[in-house]
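Structure assessment
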Amino acid sequence: MDVNFSGIVGDMGVGGLVGFITGYALKKFIKLVLALIGVYVLSLFWLQQKGVITINTDALFNLTESAATQTLSLADKVVGILPGGGAFVVGFYLGFHKG
């Protein structure tokens with residue numbers, strides 16, 4: 001039985017590198033998006049306090065729950081199709097932690 005370690009190491013290296021870059025970029029992107037969402041939500045609550053608008057908080061929380069579920073589903077699909085999936089997850093963790 002002949003095992004080709006160079007192919008395995010190559011897949012793990014690419015998966016780890018792509019995972020690291022993805023994790024690092026995703027953390028930076030999440031920070032920016034969360035800051036913008038925070039400003040938006042605070043402005044909505046300020047407008048509600050001033051009596052300009054009314055907010056259906058149940059619908060708002062249902063919307064955020066749905067978005068979180070879809071994001072986790074997409075992440076599962078992405079990890080499943082990438083070569084070197086285990087290395088990708090480790091690289092993603094390290095990149096997300098570093099970012």
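These figures come from a predicted structure and were not determined experimentally. (Residues numbered from 1 in each chain as written. Predicted model: local features only at pLDDT ≥ 70, side-chain atom pairs only at ≥ 80, totals over all residues. Heavy atoms only, no water.)

**Some thoughts on the overall build of the protein**
Of the regular secondary structure elements, the protein holds 3 helices and 0 strands. Here the protein holds 99 residues, and 11% of them are scored as buried. Partitioning the intrachain contacts of the protein with sequence separation of at least 6 by distance along the chain shows that 80% fall at a separation of at least 24. A total of about 7,800 Å² of accessible surface is found on the protein, and carbon and sulfur atoms cover 72% of it. (Helix = DSSP H or I, 4+ residues; strand = E, 2+ residues; numbered from the N terminus. Buried < 20%, exposed > 50% of the residue type's maximum accessible area, 1.4 Å probe, protein only. Contact = heavy atoms within 4.5 Å. Areas by Shrake-Rupley, 256 points an atom, 1.4 Å probe, with all protein chains shown as cover.)

**So, the packing of aromatic side chains**
Under the defined criterion, the tally for this structure stands at 2 aromatic pairs. Each ring, one from phenylalanine 20 and one from tyrosine 24, has its centre 6.5 Å from the other, and the planes form 20°; the classification is stacked. Note that phenylalanine 20 and tyrosine 24 are positioned in helix α1 (residues 5–49) at a spacing of 4 residues, about one turn of the helix. Given the relative accessible area of 34%, phenylalanine 20 is considered partly exposed. Summarising the aromatic geometry, the rings of phenylalanine 92 and phenylalanine 96 are spaced 5.9 Å apart at their centres and angled 20° between planes, so their arrangement reads as stacked. Of this pair, phenylalanine 92 and phenylalanine 96 both sit in helix α3 (residues 85–98), 4 residues apart, which is roughly one turn of the helix. Judged by its relative accessible area of 24%, phenylalanine 92 is partly exposed. (Phe/Tyr/Trp six-rings, centres within 6.5 Å; stacked < 30°, edge-to-face > 60°.)

**Some points on the UniProt feature "transmembrane region" (unreviewed entry) in the protein**
As recorded in UniProt, the sites labelled "transmembrane region" (unreviewed entry) are residues 29–47 and 78–96. Its end C-alpha atoms 27 Å apart, residues 29–47 is made of 100% helix and 0% strand. (UniProt positions renumbered as here; feature names shortened; annotations may be inferred.)

**Considerations on the environment of glycine 13**
With respect to the helices, strands and loops of the structure, glycine 13 is situated in helix α1. Relative accessible area serves as the criterion here: at 38%, glycine 13 is assigned to the partly exposed category. For glycine 13 and glycine 91, which are 78 residues apart along the polypeptide, the C-alpha to C-alpha distance reads 9.3 Å.

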